[in-house]
Amino acid sequence: MAETLMLLRACHRVLAVPSGALRRVVPAERLAPMPGTAGALLGLMPASGRAVPVVDLSRLTGLPEAPATLAVICQVGPETLALPVQEVLGFVQEDGAASAELLGPETLLGGYTGGGQKGQRLNLGALHDRLAAHLSPV
C-alpha cells in the first residue's frame, strides 16, 4: 500500500516524512534556547498552547546547517517535536513497496521514490531515539 509523504527542504536537502505524523506547519519564531541538551535541541517554541522541543536536524543527522523559516510539528509516538525547515514542497504518494519497510529501526535517513522523484526519507522513530540518547545521561 502506498503511503503519502510530505516533502520538506531542510539542511539543504529534500526530506520526506510520513504525512500521518504531521500536525501543522508554523513560522519558526520565538525560540527559547535550552541549556544542557548536548546540541540535540535548538530550543523550545510555542505551538498549540504549549512548549514544543525544536530538533537540531543538522546535529542529529550530520547534514549541513541551514537557516529555517518554518517548523513542522510532528507527533512521534507520545512526543510532539518541531522540525526546522526552509520550505514545504508538498505531498507525494510513495511508489512501489513502502520504503519505511526497508528502513531498519536505527536507520535515520533512507531512500524514497514518489511522484517521479527520489530523495531521502527521515525516519522519525530513529530521530526520536537519537534525540533521547543525546538527552539521557550515559
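A brief look at the structure comes next. (Residues numbered from 1 in each chain as written. Predicted model: local features only at pLDDT ≥ 70, side-chain atom pairs only at ≥ 80, totals over all residues. Heavy atoms only, no water.)

### Focus: the overall build of the protein chain
Next, step 1: A count of helices and strands for the protein chain gives 2 helices and 10 strands.
Next, step 2: Shown N-terminal to C-terminal, the secondary structure of the protein chain runs as helices and strands in the order β-β-β-β-β-α-β-β-β-β-β-α.
Next, step 3: Here the protein chain, with 138 residues, has 41% of them falling under the buried criterion.
Next, step 4: Pairs at least 24 residues apart make up 51% of the contacts formed inside the protein chain by residues separated by at least 6 positions.
Next, step 5: As displayed, the protein chain offers around 7,100 Å² of accessible surface, 56% of which is attributable to carbon and sulfur atoms. (Helix = DSSP H or I, 4+ residues; strand = E, 2+ residues; numbered from the N terminus. Buried < 20%, exposed > 50% of the residue type's maximum accessible area, 1.4 Å probe, protein only. Contact = heavy atoms within 4.5 Å. Areas by Shrake-Rupley, 256 points an atom, 1.4 Å probe, with all protein chains shown as cover.)

### Remarks on the layout of surface pockets
Next, step 1: Empty space within the largest pocket amounts to approximately 290 Å³.
Next, step 2: What lines the largest pocket is a set of 19 residues, among which Leu 42, Ala 66, Pro 67, Ala 68 and Pro 84 lie closest to the centre.
Next, step 3: Of all the elements in the fold, those that place two or more residues in the lining of the largest pocket are strand 4 (41-47), helix 1 (57-61) and strand 6 (70-76).
Next, step 4: When the residues that make up the lining of the largest pocket are grouped by side-chain class, the tally is 14 nonpolar, 2 polar and 3 charged. (1 Å grid on protein atoms, 1.4 Å probe; cavity = no way out; pocket = protein on both sides within 12 Å on 5 of 7 lines; lining within 4 Å. Points joined across faces, edges and corners; volume = space filled by probe spheres on them. Nonpolar A, V, L, I, M, F, W, Y, C, P; charged D, E, K, R; others polar.)

### Re the pattern of salt bridges
Next, step 1: Summed over all chains, the structure comprises 2 salt bridges.
Next, step 2: Between Glu 3 and Arg 121 there is a salt bridge, with its nearest N and O atoms 2.8 Å apart. One end of the pair, Glu 3, is in the segment before strand 1 (4-10); the other, Arg 121, is in strand 10 (residues 117-122), with 118 residues separating them in the sequence.
Next, step 3: Here Glu 3 falls in the partly exposed class, since its relative accessible area comes to 25%.
Next, step 4: Between Arg 9 and Glu 87 there is a salt bridge; the shortest N-O distance is 3.2 Å. Separated by 78 residues along the polypeptide, Arg 9 in strand 1 and Glu 87 in strand 8 (residues 87-93) bring together distant segments of the chain.
Next, step 5: A residue is classified by how much of its surface remains accessible, and Arg 9, at 32% relative accessible area, is partly exposed. (Salt bridge = Lys/Arg side-chain N within 4 Å of Asp/Glu carboxyl O.)

### Considering the pairing of strand 1
Consecutive side chains along a regular strand alternate between the two faces of the sheet.
Next, step 1: In terms of burial, strand 1 is a largely internal element, 5 of the 7 residues being buried.
Next, step 2: Sheet topology note: the strand 1/strand 8 ladder contains 6 bridges and is antiparallel. Looking at the pairing, Thr 4 lines up with Gln 93 of strand 8.
Next, step 3: Relative to strand 2 (residues 13-18), strand 1 runs antiparallel, the two sharing 6 bridges. Each bridged residue has a counterpart across the sheet, and for Leu 7 the counterpart in strand 2 is Ala 16.
Next, step 4: A loop of 2 residues connects strand 1 with strand 2, the two strands running antiparallel in sequence, and Cys 11 in this loop sits at a positive phi of about 55°. (Pairing = 2+ DSSP bridges.)

### Some details on the side chain of Asp 56
Next, step 1: Its location among the elements puts Asp 56 in the loop between strand 5 (50-55) and helix 1.
Next, step 2: In this structure the side chain of Asp 56 is engaged in a polar contact, spanning 3.2 Å, whose partner is the backbone nitrogen of Ser 58.
Next, step 3: Once residues within four sequence positions are removed from consideration, Asp 56 is found in contact with Gly 39, Ala 40, Leu 41 and Leu 42. (Polar contact = N/O pair within 3.5 Å; in protein donor to acceptor, adjacent residues only side chain to side chain.)

### Digging into the side chain of Arg 121
Next, step 1: According to the relative accessible area criterion, Arg 121 is buried, its value standing at 3%.
Next, step 2: A polar side-chain atom of Arg 121 sits 2.8 Å from a polar atom in the side chain of Glu 3.

### Side note on the environment of Ala 66
Next, step 1: By the element assignment, Ala 66 lies in the loop between helix 1 and strand 6.
Next, step 2: Considered as a pair, Ala 66 and Arg 13 are 53 residues apart in the sequence and their alpha carbons are 9.7 Å apart.

Keep in mind these values describe shape, not function.
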